[in-house]
Every structure is written in structure tokens, then in C-alpha cells.
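Analysis of the macromolecular model
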Amino acid sequence: MNDRLLALVSLYGAPALFGIVAIAAVGVPLPITLLLILAGSMISQNAMNFWWAIAAAGAGSILGDQAGYAIGRWGGAGAVEKLSRRLGARESVRAMEAKAQAWGGPGIFITRCLLTPLGPWINLASGTAGYPWHRFLFWDALGELTGAAVYISLGRYFSDRVMALSAVLGDMSWAVVALIAALIFGYWLLSHLRRPRAR
Amino acid sequence: MRENWRRTLIVGLAFVLATAGTFVFAYRAGRQAQYLRAADEPIRAWMSVPFIAHAHHVPAAVLFQAIGVAPRQPRDRRSVRHLAHDLNRPVPEVIAQLQRALDAAAHPSGGQPR
């Protein structure tokens, strides 16, 4: 499957890139980083235009992200509300949504260009949390265009090492995800152990 | 109390796992980055001949000739799988032929290795 997608981008260039990143942004797990690096490599071989590649990747991802946000906002909000009422956790869900709104911008930005596997979930969460659409669009566009520009430029620079670069970036992404998880768990543990015990 | 202790244990284990994961992935990324320029790019079925030629710094014409294909256009970007299908040959066979052509270009007979 992934092989065929890579071959499609290699053969049809920017239009194929647009379609594939749009599908991935909705939540289908596709090797987007590798595709962007490949696009960069094709640019260095004069097989694709740099600005067209960024526009295609950026527009495709923004379109997919907006679809994810819309599902969360207009399709999922009712379901989340019902579920939280049934579980009796309405207040805590509200508190989480408030946090999502407070941290939304930088969170949206970083999941577009660094923690990309979390992107589709953040789209849904932003929708269900009622994060303002115009702000979501701003951070989304900023993050997606930055991410596309960074990965395509890296691919352009390391145009003869596409697979190796993709492996390095993949491991780096997972290292960052694991580090954030370690920080969250560590913080929880520390605050829990320091809490005075009620007898 | 017991529930509390169990939750602490689970979060503690998750913390240890996440910390270990951070080090393992960071180490792997660092090691691969160190050899990024020296790493050999393997041939995959999705790659086009001009792409393989670019990755190995060999003229594309040499590779097209090695597999007996006349490029349809100056930049024929059909994948190895596509070419194998057109040639009615198995993909691994075409990859092996391309690899031999790359090896021959890297170590020309009678010449010094590149």
C-alpha cells in the first residue's frame, strides 16, 4: 500500500501529494514524512517545483484537518456530551475542554510539524472542545505550511538519502512522544507521592 | 488505599517505559544520523530509475540500459514495480539487475573502487 502511494507521488508529483496528505490528515496512517522527503528529493532532481510541492502538501493537509475538526465539532460533540453525561463525568470533560482551549494554539501547531501522529486526534478534540474555528485554521495553516516546508527542504538537502533520513526523523518523532509521556507520568508520580496522605 | 497503590505502580511502570523509550529512540536516531551520509540507499519497488540513479550518483541511462528499458521520456518516472510489470518479470529480479548495475558502476572492472 505505502509502496504504491510513494510510486504515485513519484509518477504524478504534486497532485498525488495533495490527495494523499488530505486523506492522511483525516486519520488514515500513511507515511507522510517519507512522502514529503521524497517530494524534496524530486525537487532537487528538477522533477517537481518547490512552491507547488509546499502548496500541495499544505493545502491537502489543511483540507484534511478541517474535515477532522468538522467531524469533532458538528458530528462528535453530541456523542461526547451524551457519553460524559452517562459516565457522570461531565464536569471533568468540561475542564479538559477548557484546557484544550487554553493550550490549543501551540498544541495544534506542534502536532502539525513535530508530533504529527497526534495531529488527527487533536483535530477531533479541537472540534469537540469547541475551539474557535478561525484560530484553529490559523494555527493549523501555520503548522502545516511550516511542517511541509521543513520536511520538503530536508528532503531537498538530503535528496540522495531519503530512506535513511526518514528513519532518523521517525525515531526522533517517537523519542519526542516518549519524552512528553515520561514528563507527564513523572509529574503525576511526583505530585502524587508528595501529596499528604489522609488517614 | 490498595487502589491508590495499584494506580501509582501502573503510572510508575508507564514512566519507566516512556523514559526507556525516549533513550532507545533518541539513541537510534543519533546513530542513524551519524551515518546518514555513509548509509547505502536500498532499492525499493516504489522507486523510479531516475530516483535510484540520483541516490547512487549514477547516470539513469546506465540503469535503464541494464534492465533493457528504453525510457518513454527524458524523465521516465515509472516505478521499479511498474517497469517489472511492463517487462513481465518479477520485481526482485529487476531490483537485482539494478543492484548489479550499481555495483558495476561503483567498481568498474580494472578501475579503483569509487
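Above this text sits the structure in question.
Now for a description of the structure that goes with this document. Being a predicted model, the structure only gives us computed values, none of them experimental. (Residues numbered from 1 in each chain as written. Chains lettered and ligands numbered in written order. Predicted model: local features only at pLDDT ≥ 70, side-chain atom pairs only at ≥ 80, totals over all residues.)

1. What to know about the overall build of chain A
Under the convention used in this document: Here a strand is any run of E in DSSP of at least two residues, a helix any run of H or I of at least four, and the numbering for each starts at the N terminus. Working definition of burial: number of other C-beta atoms within 10 Å of the residue's own, with buried at 20 or more, exposed at 12 or fewer, and partly exposed in between, all C-beta atoms being placed from the backbone. Contact definition: two residues whose C-beta atoms, as placed from backbone geometry, lie within 7 Å.
Regarding its fold elements, chain A presents nine helices and zero strands. Its helices and strands taken in sequence order, chain A reads α-α-α-α-α-α-α-α-α from the N to the C terminus. Here chain A, with 199 residues, has 41% of them falling under the buried criterion. A separation threshold of at least 6 residues defines the contact pool for chain A, and within that pool the share at least 24 residues apart is 82%.

2. A short note on the interface of chain B and chain A
As a reminder, the rule being used: When residue character is reported, Ala, Val, Leu, Ile, Met, Phe, Trp, Tyr, Cys and Pro are called nonpolar, Asp, Glu, Lys and Arg charged, and the others, Gly included, polar.
Opposite the 35 residues of chain B that make contact, chain A presents 30 residues. Elements with a contribution of two residues or more to the side of chain B that touches chain A: α1 (2–34), α2 (49–56) and α4 (80–87) of chain B. No other element matches α1(B), which puts 15 residues into the side of chain B that touches chain A. Here the side of chain B that touches chain A is built from residues that sort into 16 nonpolar, 11 polar and eight charged.

3. Notes on the environment of Ala7(A)
With respect to the helices and strands, Ala7(A) occurs in helix α1 (residues 2–12). Judged by the 22 C-beta atoms lying within 10 Å of it, Ala7(A) is buried. Residues Ala7(A) and Leu35(A), 28 residues apart in the sequence, show an inter-C-alpha distance of 9.8 Å. If we skip the residues at most four places from it in the chain, Ala7(A) touches Trp46(B), Ser79(B), Arg81(B) and His82(B).

4. Description of the packing of α1(A) against helix α2 (residues 14–26) of chain A
Residues and elements named next belong to chain A. Keep this limit in mind: Lines are fitted to the C-alpha atoms to define the axes, a helix being fitted only along its stretch in contact, and any angle between axes, read from their N-to-C directions, falls within 0 to 180 degrees.
Running from N to C, α1 and α2 point in directions that differ by 145 degrees, and their axes come no closer than 6 Å. Contacts between α1 and α2 involve Leu5, Leu8, Val9 and Tyr12 on the former and, on the latter, Pro15, Ala16, Leu17 and Ile20. When its residues are assigned to classes, the contact of α1 with α2 shows eight nonpolar, no polar and no charged.

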